[in-house]
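# Survey of secondary and tertiary structure
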Amino acid sequence: MSNQKAEFSEAEIAVHWREEPLISPPPQFIGQANLTDPAIFERMSLEHFPECYREYADLLTWYKYWEKTLDTSHPPFWKWFVGGELNACYNCVDRHLPGYRNKTAIHFVPEPENELIQHITYQELWVRVNEFAALLRDFCGLKKGDRVTLHLPMTAELPITMLACARLGVIHSQVFSGFSGQACGERIADSQSHVLITMDAYYRAGKLLDHKKQADIAVEKATQEKAPPGKVLVWQRYPGRYSAETPPVKGRDFIVNELLPKYRGQRVEPERVQATDLLFLMYTSGSTGRPKGCAHSTGGYLAYVAGTSKYIQDIHPEDVYWCMADIGWITGHSYIVYGPLALAASSVVYEGIPTHPDAGRPWRIAEELGVNIFHTSPTAIRALRRAGEDVPSKYHHHFKHMTTVGEPIEPEVWRWYYNVVGKKEAVIVDTWWQTENGGFLCSTVPALKPMKPGSAGPGVPGIHPVIYDDDGKEIPAGTGKAGNICIRNPWPGFMQTIWGDDERLVKQYFARYCKDKNSKDWRDWPYFAGDGAMQSSDGYIRILGRIDDVINVAGHRLGTKEIESAALTVPEVAEAAVVPIPDEVKGRVPDLYVSLKPGVTGDGALAQRISQAIETQISPVARPRRVWIVPDMPKTRSGKIMRRVLAALSTGGDPGDITTLANPEVVEKIRTQVAQR
Ligand code: PRX
């Protein structure tokens, strides 16, 4: 969506909580913080843009220093640190060896509690990454610029694989392991990946899932789309033992753990890549049907995540840092793998769900590993709170810093996080950003600005947000009016393009508020984020939710169009419409309305089949709360489905004026149907 207002959006059903008082960061946090100098805001003001971003890039080790900090010659395809050469793997692993060889880089925590935690030192990480990189190069023939799709669960093999790719300059595209084989196959085809890397099995909620099964579906789907990957590499969850029921396919599938001994002791020189060369693709949902591959650069991205990890996450090398997101999402790429490892921290990778076997699990992990920075989503916080309000109080963990990300957090949930999880000792940052952005856009700088429950805060240093109304006029702070949040300036973490679709980048994020499309001045190209927001008089920003056809379910970003098109693959379905519904734990859940083809009648079994189609084609996370089989969709006279009306019916709200509909009588019928459930 770029030019018109969505008929119905998350932002329209946003919660409107009152202004909350400010809370000061704990003095013991300030005493040790990386960033306590208020001059940062001046240093990173627009006046010093873009050179101010040298401060972030200087956190990295460059083979060759860049010649131009920002090249704006081809708007809005901004190029950062042009001429600079580096390697992301070198920056996250090799350069730490002299100082931190025997320090843990990754703590891998298996879901079964009786399995030992693996502590992988920087030295071991370096060895494992080198050997696997040698395998990728020599056995798969991979080289700089090739794409590889990863469908890996949350095990240490995931960051090892990403770093091995980065070492070779190979572009990785990790698909969330909870996504279906079909969704993975589409992404293999879109990225034209040469290889699929997966794992035989992994634990989720107490069950060892057969994950290899998904790889077969993925290859089948990619083959249908005429882009089969040449090879499938399968890591074993238990090295030496194959744990999936689905067998390997001869000649196509290769067990990594069987091949690796041949590469023992091999070392691979890190590839020198340009700052602007791609490090990875991360697919995300947009307002059109197919997910888009956000293509992230090496230099700009790594500089941005290193800078924000240091200043906003306050990561020091001696910290034990646990981000409970999945590496299959951008949060995990930026703030489990690349940011923390660039700073030589110890980063926790936890395989399972937070409430397994009970809601005390995260706090036992934190106690055991001495985690002092904790990062999670409002959905996880709500779920843990629901499973036991006083559980965290029974444990002896101590956090200095906690993060929330991915959805708006209700002040009441925020307070539980602060009081009970953080024991009033930890500072909280509420970080707002998106897959496209690489790293944080809005958040408080933890030692410098007070916290405000429910507000992300102002732009982070170097980010200058603005809220526009539909006509492109600035909505001043403190007016209590909501609008569309945009960022005035480019920043190094922003993606280079959408893989294979430059035009979509321009259309989706810049066309809406571009002041002059012939201009080469970045000031004419504000970034349109697609979220509704409002700004209070102190400059703190409250994010209200998506204004487009994207729905944020438990922090998972899904396109309503993707869910609708999955429903439409069921032959009986004539039309489908998804609306976001507020949910106590997940923030939002999709409700699905379908009408059937003439002569077909629907029942529970059909609804079940429709739900199943969505699970198979996308993921269980996209499963609708309810499938409503309705006699007809409420439509305008021009035939557009009125999702606003459906959403109101789902929530028991007022559908507003329906007299202009082509079929107003259907509204009452649907209302009765919904009320009966
Ligand atoms: O609607 C905003 C919401 O998540 C969307 C981005 O989703 P995704 O690309 O999957 O990235 C999620 C993690 C970076 C945004 O458009 N969102 C993200 N963070 C917040 C948020 N909403 C409110 N508060 C946040 N802190």
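Located above this text is the structure these notes cover.
Residues numbered from 1 in each chain as written. Predicted model: local features only at pLDDT ≥ 70, side-chain atom pairs only at ≥ 80, totals over all residues. Heavy atoms only, no water.

A count of helices and strands for the protein gives 20 helices and 30 strands. Considering only C-alpha atoms, the protein reaches an extent of 75 × 60 × 60 Å along its principal axes. Split into buried and exposed, the 677 residues of the protein put 65% on the buried side. Accessible surface computed for the protein: about 24400 Å², of which carbon and sulfur atoms make up 50%. Of the side-chain charges in the protein, 76 are positive and 80 negative, and the distance between the mean point of each set is 2 Å. (Helix = DSSP H or I, 4+ residues; strand = E, 2+ residues; numbered from the N terminus. Buried < 20%, exposed > 50% of the residue type's maximum accessible area, 1.4 Å probe, protein only. Areas by Shrake-Rupley, 256 points an atom, 1.4 Å probe, with all protein chains shown as cover. Lys, Arg positive; Asp, Glu negative; His and termini not counted. Charge placed at Lys NZ, Arg CZ, Asp CG, Glu CD.)

So, about the site of the ligand. In the vicinity of the ligand lie 17 residues, with D430, T431, T435, D531 and R557 positioned nearest. One of the side-chain nitrogen or oxygen atoms of Q434 is found 3.0 Å away from an oxygen atom of the ligand. At 2.8 Å, a side-chain N or O of R546 approaches an oxygen atom of the ligand. Secondary-structure elements contributing two or more residues to the shell around the ligand are helix 12 (330-342), strand 20 (427-431) and strand 25 (541-546). Across the shell around the ligand, the residue classes tally to 6 nonpolar, 6 polar and 5 charged. (Near = heavy atom within 4 Å. Polar contact = N/O pair within 3.5 Å; in protein donor to acceptor, adjacent residues only side chain to side chain. Nonpolar A, V, L, I, M, F, W, Y, C, P; charged D, E, K, R; others polar.)

As a further point, take helix 16 (residues 502-509). Turning to helix 16, its buried residues are R504, L505, Q508 and Y509. One face of helix 16 carries all of its buried residues, which in axial projection span an arc of 105°. Seen from the buried face of helix 16, the exposed residues on the opposite side, beyond 90 degrees, are E503 and K507. (Arc of directions from axis to C-beta.)

Moving on: the sheet that holds strand 18 (residues 373-376). With respect to topology, 7 strands assemble into an open sheet ordered 5-4-17-16-18-19-20, the strand pairing being mixed. Each edge of the open sheet is held by one strand with a lone partner, namely strand 5 (118-121) and strand 20. Within the sheet, the average angular offset between the axes of one strand and its neighbour, ignoring direction, is 20°. Summarising the sheet, strand 4 (residues 104-109) and strand 17 (residues 346-350) pair through 4 bridges and their orientation is parallel. Bridge pairing in strand 17 links H107 to V348. (Pairing = 2+ DSSP bridges. Axes fitted to C-alpha atoms, helices over the stretch in contact; angles between N-to-C directions.)

Spatially, 21-22-24-25 is the arrangement adopted by the 4 strands of the open sheet, whose pairing is antiparallel. Bordering the open sheet on either side are strand 21 (465-468) and strand 25, each of which pairs with just one other strand. Strand-to-strand, the axes of this sheet are offset by a mean angle of 45°, without reference to chain direction. Looking at chain direction, strand 21 and strand 22 (residues 483-487) are connected through 4 bridges and run antiparallel. Note that in strand 22 the partner of P465 across the bridge is I487.

Here we come to the pairing of strand 7 (residues 171-174). Residues of strand 7 alternate between two faces, with I171 and S173 on one and H172 and Q174 on the opposite face, all of them buried. Strand direction decides the pairing type here: strand 6 (residues 147-151) and strand 7, joined by 4 bridges, are parallel. Directly across from V148, in strand 7, lies its bridge partner H172. Taken together, strand 6, helix 7 (residues 157-168) and strand 7 constitute a β-α-β crossover, and its handedness is right-handed. Here strand 7 pairs with strand 14 (residues 278-284) via 2 bridges, running parallel. Its bridge partner lying in strand 14, S173 is registered against L281. (Right-handed = clockwise from strand over helix to strand, strands pointing away.)

Right, let's talk about the packing of aromatic side chains for a bit. Scanning all chains against the criterion turns up 42 aromatic pairs. Measuring from centroid to centroid gives 4.8 Å for Y468 and Y513, while their planes differ by 35°, and the two rings are tilted. One end of the pair, Y468, is in strand 21; the other, Y513, is in the loop between helix 16 and strand 24 (527-535), with 45 residues separating them in the sequence. By relative accessible area, which is 8% here, Y513 ends up buried. Three or more aromatic residues joined by ring pairs form one cluster here, namely F49, Y53, Y56, W62, Y65, W66, W80, F81, Y304, Y311 and W522. Of note, R241 hangs over the ring of Y238, and the distance from its end group to the ring centre comes to 4.4 Å. (Phe/Tyr/Trp six-rings, centres within 6.5 Å; stacked < 30°, edge-to-face > 60°. Lys NZ or Arg CZ within 6 Å of the ring centre and 35° of its normal.)

Take the pattern of salt bridges next. With the rule as written, the count across this model stands at 46 salt bridges. Measuring nitrogen to oxygen at the nearest pair gives 3.8 Å for the salt bridge that ties E436 to K292. Here E436 is found in the loop between strand 20 and strand 21, whereas its partner K292 is found in strand 15 (residues 292-297), with 144 residues between them in sequence. Both residues of the pair, E436 and K292, count as buried. K400 is the partner of D314 in a salt bridge, and the nearest nitrogen-oxygen pair spans 2.9 Å. Separated by 86 residues along the polypeptide, D314 in the loop between helix 11 (299-311) and strand 16 (320-323) and K400 in the loop between helix 14 (378-386) and strand 19 (401-405) bring together distant segments of the chain. Just as D314 is buried, K400 falls in that class too. Each of E19, K452, D538 and R542 takes part in one network of salt bridges that share partners. (Salt bridge = Lys/Arg side-chain N within 4 Å of Asp/Glu carboxyl O.)

The next thing to look at is helix 14. Quick reminder: α-helices carry 3.6 residues per turn. Residues three or four places apart thus point the same way. Taken across its 9 residues, helix 14 has 7 buried, putting it largely inside the fold. Among the residues making up helix 14, those that are buried are P378, T379, A380, I381, R382, L384 and R385. On its buried side, helix 14 packs onto helix 13 (361-369), strand 18, strand 19, helix 15 (411-421) and strand 29 (587-596). (Contact = heavy atoms within 4.5 Å.)

What follows concerns the pairing of strand 9 (residues 201-204). Across 4 bridges, strand 9 lies against strand 10 (residues 207-210) in antiparallel orientation. Bridged to A201 within strand 10 is D210. Hairpin connection between strand 9 and strand 10: a loop of 2 residues separates the two successive antiparallel strands, and A205 in this loop has a positive phi of roughly 50°.

Tallied over the entire structure, the rule returns 0 disulfides. Free of any disulfide, C89 has its nearest neighbouring cysteine sulfur in C92, separated by 7.3 Å. C165 supplies the cysteine sulfur nearest to C140, a cysteine that is in no disulfide, at a spacing of 9.5 Å. Residue C140 is classed as buried on the basis of its relative accessible area of 15%. (Disulfide = S-S within 2.5 Å.)

A cis amide bond, omega -5°, links P75 with the succeeding residue P76. Looking at where P76 falls in the secondary structure, it is placed in the loop between strand 1 (68-71) and strand 2 (79-82). With omega at -5°, the peptide bond leading from H356 into P357 counts as cis. Backbone geometry at D314 places phi at a positive 55°, although glycine is not the residue there. When its relative accessible area of 0% is taken as the criterion, D314 is described as buried. Although it is not a glycine, K424 sits at a positive phi angle of roughly 60°. Overall, the relative accessible area of 53% leaves K424 in the exposed class.

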